[in-house]
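Analysis of the macromolecular model
Chain by chain, the residues:
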Amino acid sequence: MMNARNHFDVIVVGLGAMGSGVAHHLSGSGLKVLGLDSFHPPHVHGSSHGHSRVIRMAYGDDQRYVPYVKRAYAGWEELERTVGKSLLTRTGLILMGKPDSQLITSTRVSAGQHMVQLEQLDQAEIERRWPLLGTDADMCGVWDPSGGILHVEACIDALLTRAVDLGGELRFNEKVRAWKADSDSVEVRSDNETYRAQRLVICAGPWCGTLLAELGLPLWVERQVQIWLKPVTRQELFAPERCPIFSWEHGVENVFYGFPDLGRGVKVAHHHGGPRIEPDGVNRALESEDIDSVRRLLARFLPDANGAILDHDVCMYTNTPDKNFLIDFHPQHSQVLIVGGCSGHGFKFASMVGELVWELFQEADNDSGLEMFRLNRL
């Protein structure tokens, strides 16, 4: 007979960005919540590490995300007030590309539809404001003054700390091996114990495909490298008070981006373009091709940052075919909710994804925007 202490209202599997956000909100909603993670978050084994992620209103990826970004800003600001720690540094964001590039055109359309205040800049104005940032002669820019940096590990720590404060139970270094659902509950088996709950939320990031193998979801995991460099010259100009988050589209959907120096060096990375991998076999070493591809773009766009490599990190994007998330119930088990497939742009929503999960649990499904997250679109 199972120990009563192993019975919960909700079990959340995976405590990265999305899982920590879900555990936090559901714990604050009066539910008895258990969160399980194979490692001890914040950790470097999944997708939610690397010290910095962007939050922005300039959302050309898909304009339907903009209302959720607004909710996410409010969520992070409320969490900051609650924990008394800085989680978000506002630096502004500059997007650069040809006037007809996907990055520039879609961002302009999205901003117009949602009345987001952005500023259009020509090449001369970009270089006047930020002389560190190089642009091709035919490039222009879009300035988002609301853009900011979320401090990844601090954000996850704050969400999980508050989840515990609100009554949630978290168990780390405990890998989930299997789960099964019956007519009115779910059983989850880990390396250590077996648990039961009324509901299960699977937020396993790159391991969603493994835990949901029966669905054959079209998810694929991509290796992404982040590199920190020491500026060669004018190091003071890379301070967050003077340097924004920056991003160039330098070919069709080829995006290179970076962050100012937050004390670790200037961070740069490609957005997508990495190889497909298995999450348990990711190569975490910094390879020569990783370095060369970044050096070429630094020489072109940001030569002052093209100095010694100070550090690197390897994370994983879990991609869907259309780059939109999965937030939906399992098609055979209505008590199982899937939250994943964040495709490299999900972290900013961790502060409000728990609200969406709670609304779905309450059958308050009046948000037409959620259609882009449904399983049946795939």
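Everything here concerns the structure above.
Our subject in this report is the structure included herewith.

Section: the overall build of the protein chain
Looking only at helices and strands, the protein chain has eight helices and 20 strands in total. Against the 2.2 N^0.38 benchmark of 21 Å for 378 residues, the protein chain shows a C-alpha radius of gyration of 21 Å, consistent with a compact globule. When the backbone C-alpha atoms are referred to their principal axes, the protein chain occupies close to 70 × 40 × 40 Å. Split into buried and exposed, the 378 residues of the protein chain put 56% on the buried side. Sequence-distant contacts in the protein chain: of pairs separated by 6 or more residues, those separated by 24 or more amount to 74%. Counting 37 positive and 49 negative side-chain charges, the protein chain places the averaged centre of each group 2 Å from the other.

Thoughts on the pattern of salt bridges
Using the criterion set out here, one finds 23 salt bridges in the structure. Salt-bridge contacts for R129 lead to E125; the nearest nitrogen and oxygen are separated by 2.7 Å. Separated by four residues within a single helix, R129 and E125 lie in helix α4 (residues 123–129), roughly one turn from each other. Classification of R129 by relative accessible area gives partly exposed; the value is 29%. A salt bridge links E371 to R374; its shortest N-O distance comes to 3.7 Å.

So, the packing of aromatic side chains
All chains considered together, the criterion is met by 16 aromatic pairs. Look at F325 and F349: their rings are 5.5 Å apart centre to centre, the planes differ by 70°, and that puts the pair in the edge-to-face class. One end of the pair, F325, is in the loop between β18 (309–319) and β19 (326–329); the other, F349, is in the loop between β20 (336–340) and α8 (353–361), with 24 residues separating them in the sequence. Residue F325 is classed as buried on the basis of its relative accessible area, which comes to 3%. Given a relative accessible area of 2%, F349 falls into the buried group. Through a chain of ring-to-ring contacts, three or more aromatic side chains come together here, namely Y59, Y65, Y68, F325, F349 and F373. Over the ring of Y59 we find R56, and its NZ or CZ is 4.1 Å from the ring centre. The ring of W220 has R276 sitting right over it, with the charged end atom 4.2 Å from the ring centre.

Some words on the sheet that holds strand β8 (residues 148–150)
Strand order in the open sheet formed by three strands is β3-β8-β4, with antiparallel pairing between adjacent strands. Where the open sheet ends on each side, the last strands, each with one partner, are β3 (53–55) and β4 (88–90). On average, each strand axis in the sheet is inclined to that of its neighbour by 30°, with strand direction left out of account. Of the strand pairs in this sheet, β4 and β8 are connected by three bridges, and their pairing is antiparallel. The residue bridging T89 from the neighbouring strand is I149, located in β8.

Here we look at the environment of I309
When you line up the elements, I309 lands in strand β18. On the accessibility criterion, I309 (31% relative accessible area) is partly exposed. Sequence spacing of I309 and I291 is 18 residues, and the spatial spacing of their C-alpha atoms is 9.0 Å. Setting aside anything within four residues of it in sequence, one finds I309 in contact with I227, W228, L229, L286, I291 and R295.

A short note on the environment of V176
For V176, the position within the fold is in strand β10 (residues 176–181). Note: C-alpha distance between V176 and V188 (twelve residues apart in sequence) is 7.1 Å. Not counting residues within four places of it along the chain, the set of residues in contact with V176 comprises V13, L36, S38, V188, R189, S190 and L211.

As for the side chain of S146
If you trace the backbone, S146 turns up in the loop between β7 (140–144) and β8. With near-sequence residues (within four places) excluded, S146 lies in contact with I55, M57, Y73 and R90.

Examining the pairing of strand β15 (residues 254–259)
Most of β15 sits inside the fold, with five of its six residues counted as buried. Looking at chain direction, strand β14 (residues 245–251) and β15 are connected through five bridges and run antiparallel. For S247, the partnering residue across the bridge sits in β15 and is Y257. Taking the residues between adjacent antiparallel strands as the criterion, β14 and β15 are bridged by two residues, where E253 takes a positive phi near 60°. Strand direction decides the pairing type here: β15 and strand β16 (residues 266–271), joined by five bridges, are antiparallel.

Considering the packing of helix α2 (residues 66–83) against helix α5 (residues 152–165)
Look at α2 against α5: their axes get within 11 Å of each other, and the N-to-C directions meet at 70°. Relative to α5, the element α2 lies roughly perpendicular. α2 and α5 meet at a crossing whose hand is left-handed. In this structure, α2 contributes W76, L79, T82 and V83 to the contact, and α5 contributes C155, A158, L159 and R162. Of the residues in the contact of α2 with α5, the class split is six nonpolar, one polar and one charged.

Parameters at a glance
- Residues numbered from 1 in each chain as written.
- Predicted model: local features only at pLDDT ≥ 70, side-chain atom pairs only at ≥ 80, totals over all residues.
- Heavy atoms only, no water.
- Helix = DSSP H or I, 4+ residues; strand = E, 2+ residues; numbered from the N terminus.
- Rg over C-alpha atoms; globule rule 2.2 N^0.38 Å.
- Buried < 20%, exposed > 50% of the residue type's maximum accessible area, 1.4 Å probe, protein only.
- Contact = heavy atoms within 4.5 Å.
- Lys, Arg positive; Asp, Glu negative; His and termini not counted.
- Charge placed at Lys NZ, Arg CZ, Asp CG, Glu CD.
- Salt bridge = Lys/Arg side-chain N within 4 Å of Asp/Glu carboxyl O.
- Phe/Tyr/Trp six-rings, centres within 6.5 Å; stacked < 30°, edge-to-face > 60°.
- Lys NZ or Arg CZ within 6 Å of the ring centre and 35° of its normal.
- Pairing = 2+ DSSP bridges.
- Axes fitted to C-alpha atoms, helices over the stretch in contact; angles between N-to-C directions.
- Parallel < 35°, antiparallel > 145°, perpendicular 65-115°, else oblique.
- Left-handed = near helix turned anticlockwise from the far one by under 90°.
- Nonpolar A, V, L, I, M, F, W, Y, C, P; charged D, E, K, R; others polar.

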